Amino acid sequence: MSQYSPLPIAPLSIRFDHVAATLSPEGPTLTRRMSDLEGLFRDRAAWQEAVAEGDPVVYSVVSSPVPEIDRELPQSITTIQPGTTAGELWMTKGHQHPNHQGEIYLGIAGNGGLLMFNGTESAWLDIVPGTIGYIPPGWAHRSVNIGDEPYSFLAVYPGGAGHDYDWVLTNGMGRRALAGADGISFVDYFEG
Ligand code: PAN
Ligand code: ZN
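Criteria and thresholds
- What you see as residue numbers is a count from 1 along each chain, following the sequence as written.
- Going through the entries in the order they are written, you letter the chains from A and number the ligands from 1.
- Residue-level local features of this predicted model are given only where pLDDT is at least 70; pairs of side-chain atoms are given and counted only at 80 or more, and the full residue set underlies all totals for whole chains, interfaces and linings.
- Only hydrogens and water are set aside when side-chain values are computed; all heavy atoms of the structure are taken into account.
- The cutoff for a nearby residue is simple: one of its non-hydrogen atoms must lie within 4 Å of the molecule or strand.
- Any pair of nitrogen or oxygen atoms within 3.5 Å is treated as a polar contact; in protein, a donor-acceptor pairing is required on top of that, and neighbouring residues in sequence qualify only through side-chain atoms on both sides.
- Only the protein chains shown count as cover for residues, and the accessible areas themselves come from Shrake-Rupley with a 1.4 Å probe.
- Buriedness of a pocket was judged along seven lines, with at least five required to meet protein on both sides within 12 Å; pockets are open sets of points on a 1 Å grid over the protein atoms alone, cavities are sets where a 1.4 Å probe fits but cannot get out, and lining residues have an atom within 4 Å of a point.
- The rule for placing a molecule in a cavity or pocket is simple: more than half of its atoms must lie within 2 Å of the grid points.
- Put simply, DSSP marks the helices as runs of H or I at least four residues long and the strands as runs of E at least two long, and each gets a number from the N terminus on.
- Lys, Arg, Asp and Glu make up the charged group, whereas Ala, Val, Leu, Ile, Met, Phe, Trp, Tyr, Cys and Pro make up the nonpolar group; the residues left over, Gly among them, are polar.
- Under the scheme applied here, a residue whose accessible area is under 20% of the maximum for its type counts as buried, over 50% as exposed, and between as partly exposed, the area being computed with a 1.4 Å probe on protein chains only.
- It only takes one pair of heavy atoms within 4.5 Å for two residues to be counted as in contact.
- Grid points are joined across faces, edges and corners, and a volume is the space filled by probe spheres set on the points.
- In this description, a nonpolar core means a group of buried Ala, Val, Leu, Ile, Met, Phe, Trp, Tyr and Cys residues linked to one another through side-chain atoms lying within 4.5 Å.

**Student:** Which residues make up the site of ligand 1, and what values go with them?
**Tutor:** Around ligand 1, the surrounding shell holds 17 residues, and the nearest of these are Tyr 59, Thr 78, Gly 94, Tyr 105 and Tyr 165. Between ligand 1 and His 95 there is a distance of 3.0 Å, counted from an oxygen atom to a side-chain nitrogen or oxygen. Glu 103 is positioned with one of its side-chain polar atoms (N or O) 2.9 Å from an oxygen atom of ligand 1. For ligand 1, whose free accessible area comes to 400 Å², the fraction covered by protein is 96%. Given that more than half its atoms are within 2 Å of the pocket grid, ligand 1 belongs to the largest pocket. Listed by contribution, the elements that provide at least two residues to the shell around ligand 1 are strand S4 (57–63), strand S5 (75–80), strand S8 (103–109) and strand S13 (151–156). In the shell around ligand 1, the residues fall into seven nonpolar, eight polar and two charged.

Now the structure itself:
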């Protein structure tokens, strides 16, 4: 008898539409509005103003039906809208995987970046369609849209990885990505 219990999901093919940035069949979809990003932008007053003035959708995450449980490999597509709040480029909340499991991202559309922080060092990877970004174990990660179009990427991660958002609130991400005159510029996370 196998040491493993039967898989809760049967083998399946998932249609990945890289133009529409969708997965089919689809699992749960998350929508993150500005109000969901409390405590993350450098300029709290500008964040509050953006919440008051329409509370825009900053990003959405469409998942496949593969469940987030140990030994499974769920996938999701994140689409971040273009925009800035007081110069800070729109981004995901960012998180650490509590048990330090790794993850891969694949750029699908637009221009983005993957900001990582291990508590000491930060790293930045440019992600364009076709780029695989590797997140090693123990690196908190946040995605940033650095272009004028929506930025989409596919993520594949261990189902038991978990998502610790408080880690970023406490430790920061090392750096912040701001829109610069000719592209992106970085500032220290806790500067100002
Ligand atoms: C991604 C992220 C997704 C949204 O699927 O969860 O891009 O970012 P936040 O979770 O930081 O809001 C991933 O890294 N999963 O592990
Ligand atoms: Zn992750």
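**Student:** Account for the side chain of Gln 96, naming residues and giving values.
**Tutor:** Turning to its location among the elements, Gln 96 is positioned in the loop between strand S7 (88–89) and S8. Classification of Gln 96 by relative accessible area gives buried; the value is 4%. From its side chain, Gln 96 meets the backbone oxygen of Gly 138 in a polar contact 3.2 Å long. Contact partners of Gln 96, with chain neighbours within four places excluded, come to Gly 138, Trp 139, Ala 140, Gly 162, His 163, Asp 164 and Trp 167.

**Student:** Describe the layout of surface pockets, naming the residues involved and giving the relevant values.
**Tutor:** Here the largest pocket is characterised by a volume of approximately 350 Å³. Around the largest pocket, the lining is made up of 21 residues, and of these Leu 30, Val 61, His 95, His 163 and Tyr 165 lie nearest the centre. Taken together, the elements giving at least two residues each to the lining of the largest pocket come down to strand S3 (29–33), S4, S5, S8 and S13. Per-class residue counts for the lining of the largest pocket are nine nonpolar, eight polar and four charged.

**Student:** So, the nonpolar core: which residues are in play, and what are the values?
**Tutor:** Considering soluble globular proteins, one finds that nonpolar side chains tend to be buried as a cluster. In this structure, Met 34, Leu 37, Phe 41 and Met 173 are the most contacted members of the largest nonpolar core, which totals 33 residues. Elements represented by at least two residues in this core include exactly helix H1 (44–52), S4, strand S9 (112–117), strand S10 (122–127), strand S12 (140–145), S13 and helix H2 (166–171). It is S9 that provides the largest number of residues to this core, a total of four residues. The contacts of Met 173, once residues within four sequence positions are left out, are Leu 115, Met 116, Phe 117, Ser 122, Ala 140, His 141, Arg 142, Val 168 and Tyr 189. Ranked by size, the runner-up nonpolar core spans five residues in total, among them Ala 21, Ile 77, Ile 108 and Leu 154.

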